[in-house]
Every structure is written in structure tokens, then in C-alpha cells.
Amino acid sequence: MSVTVWLLVCALCGLSGFWVSRRRPPAGEPAAFATLRVAGRAAPSLRTGLTRESARKAVRHLRCLLGTASLVVTSTDQVLAGAGERRPGDAQALAGARAVLASGRTHLVDGGVVVPLMVAGRVVGALVASDAEVTAALVRTVIEVARWVSGQLELAELDQSRRRAVAAETRALRAQISPHFVYNSLTTIASFVRTDPERARELLVDFADFARYSLRRARDFTTLADELTCVDRYLLLERARFGDRLRFSVQVAPEVLAVPVPFLCLQPLVENAIKHGMPGEVRVVIRDAGPEAHISIEDDGVGMEPGRVRAVLAEDHEGGIGLSNVDSRLRQIYGQAYGLVVETAPGKGTRIRLRVPKYRPAHGSL
């Protein structure tokens, strides 16, 4: 059990005695379990941030935790939601919360207690709890619940920051299509203009399709089928440049073509294989592995030292999308166990393996 989860359990267990005295749990249900169950109902909405909608969904569960006559949740400038028959009006609740919002300290008001909600050291709102009798136990309980709510809001902000960072990285990724590839492709197309105009036209269409896919502003997830189409366009351009020196094969299980994958997760790996495997053969194999799709990109080129692999995965690629970019995105989206696995040795070629779950994670739209 992580430290965060342990501290949460301890805090909520500390609340359970007071809560049970106000809200008796069903017969045979442990008090701590009942408290955690109610808290768990409030958590999902709070993890989306402090908004009118999230406060509306969470407030009745928070009031159930406290057992108070009423509870109001405010932001720094307005009442977001409230629950309870004897809840104060919005103007009264906000007036009572004003001192707390300004000072960041708990205040007692007529018939209730107001506790600030804090995120990263700043006040983002307040809990206004009202009851017939304001006891020391009630004050302590409201403070602890406010701390727990603040923790959920802080996690929500971290999630949002992570999504913004990954979105920014993806936008940068789209701008990092190798300028060398663009230059070489256009130069190759130009070389066919006089000798084979029809071939030049076809390659220009392929280049436009590749650029349109690579630079699109659509969702950050696509399918393996779309990624393979992008790879095919890329290879048509590279074959026009390298001719018979480039040999390429693809084996893919049809049942995994619809699997959702992060945008531009294959083409950079194929580009790397061609760069280090020429002249030679590049092989892509995609297998169905139950809950996952297993992908392998292999070349029979010069290979590299293991120490060089670690350096490549730790650095940005110059002039294009590097292996480190794909590796870090896979880990951010699916977890640390889903990074790239690189098998190589000098003179032995290189094989890059990755695993992709068949489901799209809930936070995958970036």
C-alpha cells in the first residue's frame, strides 16, 4: 500500500467515529468501510477539478461524510453547490466564506464552520458546514474532510498538468517530422518530373497524404491500420529514393488492425530502422497477444552498443521524432512497463519491441 493511500485510510478512519455517530452504517458494515465507500463516491467528480458540475456531484456525499445539517462548496468568488434543507443562501454562505478565502484559515461563523480548500498552497474555495451545534469534533472533522478534498483537487490539477504537457509534446512531435526527409522526398520527386512525370505525380500524392496524416490536428489516438497506412506512404517515398537497396516486409494479424494506438508511434521506429539498417531488410511484425498487440520492428544493419541505446532513449532526436519521444509517450499513456525494448549488438542488427493494450486508456485523449 502506497504512503498516500495509507494516509488517506488513516485520515478517513479517524473521521469514521464521528460519522457513524451521525449516520449509522447498515448493520454489519464496518464503520471504516462505510466512510471509504462514501468518500469513493465523491472522489471521481473531485478528480476533474473544482467546477460547478463537480461540486454538485460531490456535495451530497461530502455532507454525508460530515453528517451536518447542510454543506456548501464555494470557489473563490461564487457558490458552486450546496446540500441540506437548512443550507444558507448563496450570498450568506459567500459572505461567511470571505474571511477564509482571504486568509486561508478556518473560521467559525454563526451556526457553522468554514474551512479553506487549498491546492499547491493557494486557496481555491471553501467548505461551509452548518449544524445545530458547532462542536470541537465537528470543526476537526470538517478540517480533515477539507484536507481530503484539497488532496483530490491537487491530484486533478496534476492530471491536467500532465495532459497539457503530453499535448504540448504531441504538438511538438507533429512539428518534428524530419526536415531531411521532407527535403529528400521533394528532391526525389523533382528528379522524376522530366524522366517519369506520372511517377512524380504519384509520389507527390503520396507525400501529400503522409504530410496530411503527420500534421493533422485530430485526436491523439489512431488505429494500427491508420499507422500502417502512414508507414506505407513513408516507404513508397523512401523506396523511390533508395530503390532496391531498401527491402521491407510487413506481417500483421488482421484482428489487431482496429487496436487504438498513440498517434505516430510506428513511423519513427521504421525511420530509425531504415536509417541504421541500410542497405538491408526492415521487418515489421504485429501479433495478436490476447489483451495486447505485440509489435516488432527489426533491421539487419550495423547495430549498436547497449550503452549507445541508453543514450538514444535518454536524448532528443536531432531533426526528427526520436526513439525517446515514442518511448516516453508510451510510458506516460500506459505505464512504465510499456516502454520500448531495444535488442541490439554491434554487427547484429537491431530489434525494437513494444506492447500496446487493446483498450484505450481513459486519459488517452490528450
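Shown above is the structure to which this text applies.
Analysis parameters
- Residues numbered from 1 in each chain as written.
- Predicted model: local features only at pLDDT ≥ 70, side-chain atom pairs only at ≥ 80, totals over all residues.
- Heavy atoms only, no water.
- Axes fitted to C-alpha atoms, helices over the stretch in contact; angles between N-to-C directions.
- Helix = DSSP H or I, 4+ residues; strand = E, 2+ residues; numbered from the N terminus.
- Parallel < 35°, antiparallel > 145°, perpendicular 65-115°, else oblique.
- Left-handed = near helix turned anticlockwise from the far one by under 90°.
- Contact = heavy atoms within 4.5 Å.
- Nonpolar A, V, L, I, M, F, W, Y, C, P; charged D, E, K, R; others polar.
- Expected span 1.5 Å × (residues − 1).
- Bend = angle between axes of the 7 residues up to and from the residue.
- Buried < 20%, exposed > 50% of the residue type's maximum accessible area, 1.4 Å probe, protein only.
- Disulfide = S-S within 2.5 Å.
- Core = buried A, V, L, I, M, F, W, Y, C linked by side-chain atoms within 4.5 Å.

### Here's the deal with the packing of helix 7 (residues 197-214) against helix 8 (residues 224-242)
Helix packing for two helices is described by the angle between their axes and how far apart those axes are.
Reasoning step 1: Between helix 7 and helix 8, whose axes approach to 9 Å, the crossing angle comes to 140 degrees. Our classification of the angle between helix 7 and helix 8 gives oblique. For the element pair helix 7 and helix 8, the recorded crossing hand is left-handed. The residues of helix 8 that touch helix 7, namely those facing R199, L203, D206, F207, D209, F210, Y213 and S214, are D226, E227, C230, R233, Y234, L236, L237 and A240.
Reasoning step 2: A per-class count over the contact of helix 7 with helix 8 returns nine nonpolar, one polar and six charged.

### Notes on the packing of helix 6 (residues 179-195) against helix 8
Reasoning step 1: Where helix 6 meets helix 8, the closest approach of the two axes is 9 Å, and the angle between their N-to-C directions is 60 degrees. One element, helix 6, and the other, helix 8, form an angle in the oblique class. Read as a crossing pair, helix 6 and helix 8 show a hand that is left-handed. Facing F181, N184, S185, T188, I189 and F192 of helix 6, the residues of helix 8 in contact are Y234, L237, E238, A240 and R241.
Reasoning step 2: The residue makeup of the contact of helix 6 with helix 8, split by class, is six nonpolar, three polar and two charged.

### Here's the deal with helix 3 (residues 52-66)
Reasoning step 1: Taking 1.5 Å per residue, 15 residues should reach 21 Å; helix 3 reaches 20 Å between its end C-alpha atoms and fits that length.
Reasoning step 2: Taken as a whole, helix 3 carries its principal kink of about 40 degrees at A58.
Reasoning step 3: Along helix 3, the positions that sit buried rather than exposed are S54, A55, A58, V59, H61, L62, L65 and L66.
Reasoning step 4: With its phi angle positive at about 70 degrees, G67 sits one or two positions after the end of helix 3.

### A short note on the state of the cysteines
Reasoning step 1: On inspection of all chains with the given rule, the structure shows zero disulfides.
Reasoning step 2: Free of any disulfide, C265 has its nearest cysteine sulfur in C230, 9.9 Å distant.

### A short note on the nonpolar core
Reasoning step 1: Formed by 49 residues in total, the largest nonpolar core has its most connected members in L224, L266 and I297.
Reasoning step 2: With nine residues, the single largest contributor to this core is helix 8.
Reasoning step 3: Excluding residues that lie within four positions of it along the chain, I297 makes contacts with L266, L269, V270, A273, V282, R283, V284, T350, R351, I352 and L354.

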